[in-house]
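# Close look at the chain arrangement
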Amino acid sequence: MNPKVLILMGSDSDWAIMAEARAALADLGIEAEVHVSSAHRTPERTGKMAREAAGRGIQVIICGAGAAAHLAGVVAAETELPVLGVPLPSSDLQGLDALLATVQMPAGVPVGTLAIGKAGARNAGLLAARIIGRADGVVAERVREQRARMTREVEAKDAALQAKLASS
Ligand code: RP5
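Overview of the structure. Bear in mind the structure is a predicted one, so any value in this text is a computation, not a measurement. (Residues numbered from 1 in each chain as written. Predicted model: local features only at pLDDT ≥ 70, side-chain atom pairs only at ≥ 80, totals over all residues. Heavy atoms only, no water.)

## Points about the overall build of the chain
The number of helices and strands found in the chain is 6 helices and 5 strands. Secondary structure elements of the chain occur, N-terminal to C-terminal, as β-α-β-α-β-α-β-α-β-α-α. Counting only C-alpha atoms and orienting by the principal axes, one finds that the chain spans roughly 65 × 40 × 30 Å. Here the contacts in the chain between residues at least 6 apart in sequence split such that 67% fall between residues at least 24 apart. Just so you have it, the chain exposes about 9,200 Å², and 55% of that area is on carbon and sulfur atoms. (Helix = DSSP H or I, 4+ residues; strand = E, 2+ residues; numbered from the N terminus. Contact = heavy atoms within 4.5 Å. Areas by Shrake-Rupley, 256 points an atom, 1.4 Å probe, with all protein chains shown as cover.)

Here you go:
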């Protein structure tokens, strides 16, 4: 099967967090391809990957990077595919630098920016699934099931809390 999502990271040190994006996609049966490619250290390679992605059947690109994080913006400049950016807390500024670098794109080149760190990486996977689900009924159904699962989990937690409160 051809992967529908391309996950790019600025460094292999980003993988511990970006694995969340891949896991969220895998939970919904969506295959993702993962590569290390830096906007600064390997600009040619990054541009080529972004330019070739759509032609290979990729539908969404997720970019995770820390520090002066230009990866998502550089990739978005090279493709018409939707690009989701995950700011990573890998510098002394704990991701605030990456958040601002990723979210503050000038008008004309959109990057959908998620939260800093693991929550952002997981949500990037879930958002990519929702984008793919608009044209894929099977994925849309899996997204619906994931939401229903989450509802049941919250209800179970509330029921447990109510039982605890009642007996205290
Ligand atoms: C960024 O610099 C990467 O995305 C990573 O978050 C950070 C540090 O990279 P390494 O020095 O660990 O390779 O470009």
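## Things to note about the packing of helix H5 (residues 118-133) against helix H6 (residues 137-166)
The N-to-C vectors of H5 and H6 enclose an angle of 140°; their axes lie 8 Å apart at closest approach. Between H5 and H6, the interaxial angle falls into the category oblique. The two elements H5 and H6 meet at a crossing, and its hand is left-handed. For the pair formed by H5 and H6, the contact residues are Leu126, Ala129, Arg130, Ile132 and Gly133 on the first element and Val139, Ala140, Val143, Gln146 and Arg147 on the second. Here the residues of the contact of H5 with H6 sort into 6 nonpolar, 2 polar and 2 charged. (Axes fitted to C-alpha atoms, helices over the stretch in contact; angles between N-to-C directions. Parallel < 35°, antiparallel > 145°, perpendicular 65-115°, else oblique. Left-handed = near helix turned anticlockwise from the far one by under 90°. Nonpolar A, V, L, I, M, F, W, Y, C, P; charged D, E, K, R; others polar.)

Geometry only, nothing functional implied.
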